Amino acid sequence: MTAVLDERRKRILYRGNHRGMKEADVMLGGFVTAHVATLSDEQLDRLEALLDELDVDIMDWVIGKKPVPAAYDTDIFTMILAYKPYE
């Protein structure tokens, strides 16, 4: 990421990479690192709301163990599901 990030994006980048659960750090942190510079303000709003949730809940939604609540079933969640950290 070569773009200079504003304070909001820096804060989101930090939150995405310091989750507390290694799996969430890899998945969310990798996604945020790859996309935070290009997300719209509205997408950042949805991402911040998702980052407020517990790692265990987010991981359950990602792996399909629990259904994704309607409030988080957004373009951002779809992008996270499509993100492949090891490709």
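How each quantity is defined
Residues numbered from 1 in each chain as written. Predicted model: local features only at pLDDT ≥ 70, side-chain atom pairs only at ≥ 80, totals over all residues. Heavy atoms only, no water. Core = buried A, V, L, I, M, F, W, Y, C linked by side-chain atoms within 4.5 Å. Buried < 20%, exposed > 50% of the residue type's maximum accessible area, 1.4 Å probe, protein only. Helix = DSSP H or I, 4+ residues; strand = E, 2+ residues; numbered from the N terminus. Contact = heavy atoms within 4.5 Å. Phe/Tyr/Trp six-rings, centres within 6.5 Å; stacked < 30°, edge-to-face > 60°.

**Considerations on the nonpolar core**
- Among the nonpolar cores identified, the biggest contains 21 residues, and Ile12, Leu28, Val32, Val36, Leu47, Leu50 and Ile80 are the most heavily contacted of them.
- At the level of elements, α1 (7-17), α2 (22-35), α3 (41-51), α4 (55-63) and α5 (75-82) are the ones that each hand at least two residues to this core.
- For this core, the element with the most residues is α2, which contributes 5 residues.
- With residues near it in sequence (within four places) discarded, Leu50 still touches Ile58, Trp61, Tyr72, Phe77 and Ile80.

**Topic: the side chain of Gln43**
- Along the chain, Gln43 turns up in helix α3.
- Taking relative accessible area as the criterion, Gln43 reaches 16% and is therefore assigned buried.
- If sequence neighbours within four positions are ignored, Gln43 has contacts with Asp75, Ile76 and Met79.

**Details of the packing of aromatic side chains**
- Throughout the structure, instances matching the rule amount to 2 aromatic pairs.
- With 6.2 Å between their ring centres and 80° between their planes, Phe31 and Tyr83 make a pair best called edge-to-face. Note that Phe31 is positioned in helix α2 and Tyr83 in the segment after α5, a separation of 52 residues in sequence.
- Ring plane angle 20° and centroid distance 5.4 Å describe the contact between Trp61 and Tyr72, whose orientation is recorded as stacked.

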